[in-house]
Amino acid sequence: MASIFTKIIQGEIPCEKIIETDSEIAFLDIMPSAAGHTLVVPKLAVKRLEDLPAKQAMSLMSTMQRVAVAVSTAFNGIDYNLILNNGINAGQEIEHVHFHILPRAKGSPGPFREHIQYAEGEMQEVGAKIRNCL
Ligand code: 5GP
């Protein structure tokens, strides 16, 4: 069965898209741990990192670097975690490999410990702010 991310890639489900390349898409997480929490997803629907062909893994890393720098720049050089939950015991919920770019300010709670909710229109504003830094 196609994962929800495949549906996002195919445009069947909307997302706040940051960038789309031939082989990846990046968009804001719908249940963010912090403003700017972004997911970077290869278009190839595989479950685990090791299922990705090496060339696509390198492409994913390159897109992730570009997006991570944009996220950080958009929030005044904020620190961030790059997180891969690889497998159910590692916290993977969506069975389509993806990295989280998770902004971290001083004193922010650990990854996934708390969630924020964007105010109305805020997710679009954050998306635009990050896209402007690409
Ligand atoms: P995982 O636990 O698999 O590493 O993380 C999956 C992430 O996908 C979660 O942080 C969750 O909030 C996010 N997510 C799940 N469904 C959707 C969706 O429909 N749209 C977006 N933008 N994010 C989603």
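Check the entry above for the structure.
The structure displayed is predicted, hence computed values, not measured ones. (Residues numbered from 1 in each chain as written. Predicted model: local features only at pLDDT ≥ 70, side-chain atom pairs only at ≥ 80, totals over all residues. Heavy atoms only, no water.)

Peer 1: So what exactly am I meant to see when it comes to a nonpolar patch on the surface here?
Peer 2: Taken together, the side chains of Val69, Tyr80 and Leu82 define a hydrophobic patch exposed on the protein surface, amounting to about 240 Å² of accessible area. Among the secondary structure elements, leucine 82 is positioned in strand E4 (residues 79-84). (Patch = residues over 30% accessible without salt bridge, like charges linked within 9 Å, V, L, I, M, F, W, Y side chains within 5 Å. Areas by Shrake-Rupley, 256 points an atom, 1.4 Å probe, with all protein chains shown as cover. Salt bridge = Lys/Arg side-chain N within 4 Å of Asp/Glu carboxyl O. Helix = DSSP H or I, 4+ residues; strand = E, 2+ residues; numbered from the N terminus.)

Peer 1: Would you take a moment to explain unusual backbone geometry for this structure?
Peer 2: With the exception of glycine, most residues fall at negative phi, and the peptide bonds are largely trans. Residues other than glycine seldom take positive phi values, yet asparagine 76 does so here, at roughly 55°. With respect to the element layout, asparagine 76 can be found in the loop between helix H2 (54-74) and E4. The class for asparagine 76 is exposed, based on a relative accessible area of 76%. Despite not being glycine, phenylalanine 112 shows a phi value in the positive range, around 70°. Residue placement: phenylalanine 112 occurs in the loop between strand E5 (99-104) and helix H3 (122-131). (Buried < 20%, exposed > 50% of the residue type's maximum accessible area, 1.4 Å probe, protein only.)

Peer 1: Is there a simple way to explain the site of the ligand in this structure?
Peer 2: Taken together, 16 residues lie near the ligand, and Asp29, Gly91, Glu93, His98 and His100 sit nearest. Leucine 28 has a polar backbone atom sitting 2.9 Å from a nitrogen atom of the ligand. Within the complex, 88% of the 520 Å² of free accessible area of the ligand lies under protein. Mapping the ligand onto the cavity grids shows that it belongs to the largest pocket. At the level of secondary structure, the elements contributing two or more residues to the shell around the ligand comprise helix H1 (4-9) and strand E2 (24-28). Here the residues of the shell around the ligand sort into nine nonpolar, five polar and two charged. (Near = heavy atom within 4 Å. Polar contact = N/O pair within 3.5 Å; in protein donor to acceptor, adjacent residues only side chain to side chain. 1 Å grid on protein atoms, 1.4 Å probe; cavity = no way out; pocket = protein on both sides within 12 Å on 5 of 7 lines; lining within 4 Å. Sits in = over half its atoms within 2 Å of the grid points. Nonpolar A, V, L, I, M, F, W, Y, C, P; charged D, E, K, R; others polar.)

Peer 1: Help me out: how do you make sense of the layout of surface pockets in this one?
Peer 2: Taking a probe equal in size to a water molecule and rolling it over the atoms shows the remaining empty space. Size it by volume and the largest pocket reaches roughly 600 Å³. Considering the residues around the largest pocket, the lining is formed by 25 residues, among which Phe5, Asp29, Ile30, Met31 and Leu39 are closest to the centre. Of all the elements in the fold, those that place two or more residues in the lining of the largest pocket are H1, E2 and H3. Counting residues per element, the lining of the largest pocket draws most heavily on H1, at three residues. Considered class by class, the residues forming the lining of the largest pocket number 14 nonpolar, eight polar and three charged. Considered as a void within the structure, the second largest pocket measures approximately 160 Å³ in volume. Together, 16 residues line the second largest pocket, and Ser33, Ala34, Pro103, Ser108 and Pro109 are the ones closest to its centre. A breakdown of the residues in the lining of the second largest pocket according to their chemical character gives 10 nonpolar, four polar and two charged. (Points joined across faces, edges and corners; volume = space filled by probe spheres on them.)

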